[in-house]
Amino acid sequence: MQLDALKALADADRRILDLFEADANRAVEFSASAGDMHFDYSKTQIDESVRAGLIQLCEDAGLAARRDAMFAGEKINETEGRAVLHTALRNLDGGPVDVDGRDVMPEVLDTLQRMRVFAEEVRGGAIAGAGGSFTDVVNIGIGGSDLGPVMATHALAPYHDGPRLHYVSNVDGAHIADTLRQLDPTRTLVIVASKTFTTIETMTNARTARAWMSEGGGDPSRQFAAVSSALDKTQAFGIPEAHVFGFADWVGGRYSVWGPVGLPVMIAVGSNAFDAFLRGGQAMDLHFRSADWAENVPVMLALVGIWHRQVLGHASRAVLPYDQRLLRLPAYFQQLEMESNGKSVAMDGSSLTVPSGPVVWGEPGTNGQHAFYQLIHQGTDVIPCEFMVAAEGHEPELTHHHRLLLANCLAQSEALMRGRSLDEARDRMAANGLTSAELERQARHRVFPGNRPSTTLIYPKLTPFVLGQIVALYEHRVFVEGVLLGINSFDQWGVELGKELATSLGPIVDGEESAQGKDASTAALVAYALKHRD
């Protein structure tokens, strides 16, 4: 089955409501579960023939073999010659994993144990600053070294019983200045997260933090830790080896929250809760490896994405968690999807003949309802929506809040599907006393086209285990989509060119070199900046 054949099955006039009327069991038949997590994709235009065609794509692309190759440690990141084994970081009791004939699990588990010991000693005060036990932890990183732990820290707020967590990523001095301003430099731990310890934004912020700490009476030799594999550079920076936690090149940045990059999360919530997060990811791995395609939640989530983007041509995808603590999840998924599958070249070097990944964006509900849902409901473009919500919240005394949240989530997906016809809008305006031309004008503003697709992921409660399931689910979704598109989801050459040009522009914006050779626009902008600099 090819995508062109699937396009022949697409029917722009097919009403989702009609599919429900034709099949009383549609909600059951077009859903899948992984443990207690339930994924409903029945509010889409996918019917049995479309689903069969989508599943055939998996067979034609050799998805099972590609999946097994990833878990086996084969170098499926072909442009960089690397294995892809973030799954090994959560393989707590799954047996050996070989890379180049060597089992990597002993080293993974040893690093995890070192993290546990360090985190608990920080939490308990055995590792302390010049002024006493740590009250605050500042994580300095960018990209995957920031988005993952930031997202997880917010998500697991009910489990926080350690020091306060802060994150600095932007090289804009405002970010680190605003973060450090309220902290005690003698009781703050700084974690510098950079695999190579050369990332310019991260190292610039790290040097600023070190100066702040030294000037404020802190002791950087005791109060800095690093997540890095460059021991020579961390040592030169003054960080003791016991405070350095490395990870291999087979862990990509946007997939790294499971390992040492997650150290600040472990400090916040404790090693037991972090282990539960890992076990949630491991459980999703086992489901992904064993469930039939039609019952496989990551696969079906990916196939829905392929249907909406590559078959129907919807260029945008909204991720809408109805959970305030998942406020950074859309940004995390944005990097995961767009950095992984934002490609235009297939694995063999040929140009893609179909669209690559969609624009991924979103905000938590219900805030988004009062911002961009207007466009989702009545705009000219169809934007598939991915809702997620827990059946239960963490605050028993505020159960009425969560019930209202849940009702809003379910109402939005129903409204997107159902819409409101012009006749229904006319009846409403007539009931309000309007007549003739004014009735017609007002009615047209109140028409909702409906038939707008959405999926819903529902789970019992946002626990560390469930968060692990969610993150691993979307990781595997991205992998499946990449396999079906024939692209490498694990390199990111698109981020390199801007870095190179920024390096060359450094001396120019410092006023040390001429802008000669730069395009007229860039040269004029540099001239403006130099003229208006204090």
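A quick note: this is a predicted structure, and the numbers were derived from the prediction, not measured. (Residues numbered from 1 in each chain as written. Predicted model: local features only at pLDDT ≥ 70, side-chain atom pairs only at ≥ 80, totals over all residues. Heavy atoms only, no water.)

Draft legend 1. Just the overall build of the protein chain, in detail. Across its full length, the protein chain holds 22 helices and 13 strands. For 534 residues, the compact-globule estimate of 2.2 N^0.38 gives 24 Å, and the protein chain sits close to it at 25 Å. Seen along its three principal axes, the alpha-carbon backbone of the protein chain occupies a region of about 75 × 60 × 60 Å. A total of about 23200 Å² of accessible surface is found on the protein chain, and carbon and sulfur atoms cover 51% of it. Separation between the mean location of the 46 positive side-chain charges and that of the 67 negative ones in the protein chain comes to 4 Å. (Helix = DSSP H or I, 4+ residues; strand = E, 2+ residues; numbered from the N terminus. Rg over C-alpha atoms; globule rule 2.2 N^0.38 Å. Areas by Shrake-Rupley, 256 points an atom, 1.4 Å probe, with all protein chains shown as cover. Lys, Arg positive; Asp, Glu negative; His and termini not counted. Charge placed at Lys NZ, Arg CZ, Asp CG, Glu CD.)

Draft legend 2. Seen up close, the nonpolar core. Within the largest apolar cluster, 112 residues are counted, with the highest numbers of intra-cluster contacts made by Trp250, Tyr459 and Leu467. Once residues lying within four places of it in the same chain are set aside, the contact partners of Leu467 are Met151, Ala152, Ala155, Leu156, Phe277, Leu326 and Leu462. Within the second largest apolar cluster, 20 residues are counted, among which are Leu180, Leu183, Phe224 and Ala230. (Core = buried A, V, L, I, M, F, W, Y, C linked by side-chain atoms within 4.5 Å. Buried < 20%, exposed > 50% of the residue type's maximum accessible area, 1.4 Å probe, protein only. Contact = heavy atoms within 4.5 Å.)

Draft legend 3. The arrangement of the packing of aromatic side chains in detail. The full count for this structure, using the stated rule, is 16 aromatic pairs. Taking 5.7 Å as the distance between ring centres and 50° as the angle between the ring planes, the aromatic pair formed by Phe274 and Phe277 counts as tilted. Here Phe274 and its partner Phe277 are both found in helix α13 (residues 271-290), three residues apart, which amounts to about one turn of the helix. A relative accessible area of 1% places Phe274 in the buried class. Given a relative accessible area of 2%, Phe277 falls into the buried group. Linked through ring pairs, Phe71, Tyr255, Phe288, Phe479 and Phe490 together constitute an aromatic cluster. Above the face of the Phe30 ring, Arg26 is positioned so that its terminal group lies 4.3 Å from the ring centre. The positively charged end of Arg289 is found above the aromatic ring belonging to Phe71, 4.3 Å away from the centroid. (Phe/Tyr/Trp six-rings, centres within 6.5 Å; stacked < 30°, edge-to-face > 60°. Lys NZ or Arg CZ within 6 Å of the ring centre and 35° of its normal.)

Draft legend 4. Structural view of the packing of helix α14 (residues 297-311) against helix α20 (residues 464-485). Two elements in contact, α14 and α20, have axes separated by 8 Å at closest approach and are oriented at 50°. When the axis of α14 is compared with that of α20, the two are oblique. Our pair here, α14 against α20, has a crossing hand that is right-handed. Residue-level inspection shows Val297, Pro298, Val299, Leu301, Ala302, Leu303, Gly305, Ile306 and Gln310 of α14 in contact with α20, the latter providing Leu473, Tyr474, His476, Arg477, Val480, Glu481, Leu484 and Leu485. Residue composition of the contact of α14 with α20, grouped by class: 12 nonpolar, three polar and two charged. (Axes fitted to C-alpha atoms, helices over the stretch in contact; angles between N-to-C directions. Parallel < 35°, antiparallel > 145°, perpendicular 65-115°, else oblique. Left-handed = near helix turned anticlockwise from the far one by under 90°. Nonpolar A, V, L, I, M, F, W, Y, C, P; charged D, E, K, R; others polar.)

Draft legend 5. How the structure looks around the sheet that holds strand β9 (residues 244-245). Read from one edge to the other, the open sheet built from five strands follows the order β6-β5-β7-β8-β9, with strand pairing classed as parallel. At either margin of the open sheet sits one strand with a lone partner, and together these are β6 (164-168) and β9. Pairing geometry for strand β5 (residues 136-140) and strand β7 (residues 188-193), over five bridges, is parallel. Opposite Asp136, over in β7, you have Thr188 as the bridge partner. (Pairing = 2+ DSSP bridges.)

Draft legend 6. Summary view of the side chain of Ser489. Mapped onto the elements of the fold, Ser489 is located in the loop between α20 and α21 (496-509). Exposure remark for Ser489: the relative accessible area of 3% places this residue in the buried category. Engagement of the side chain of Ser489 in a polar contact is seen with the side chain of Asn341, the distance being 2.6 Å. Those residues in contact with Ser489 that sit more than four places away from it in its chain are Arg254, Tyr255, Ser340, Asn341, Lys343, Val478 and Gly482. (Polar contact = N/O pair within 3.5 Å; in protein donor to acceptor, adjacent residues only side chain to side chain.)

Draft legend 7. Main features of the pattern of salt bridges. A complete count under the given rule lists 27 salt bridges for this structure. The partner of Asp47 in a salt bridge is Arg14, and the shortest N-O contact between them spans 3.5 Å. On the criterion of sequence distance, the pair formed by Asp47 in the loop between β2 (37-40) and α4 (48-60) and Arg14 in the loop between α1 (3-9) and α2 (16-22) is long-range, its members being 33 residues apart. For the salt bridge of Arg164 with Asp136, the shortest nitrogen-to-oxygen distance reads 2.9 Å. Residue Arg164 is located in strand β6, and its partner Asp136 is located in strand β5; the two are separated by 28 residues in the primary sequence. Note on Arg164: relative accessible area 51%, which makes it exposed. Each of Arg317, Glu337, Glu386, Arg477 and Glu481 takes part in one network of salt bridges that share partners. (Salt bridge = Lys/Arg side-chain N within 4 Å of Asp/Glu carboxyl O.)

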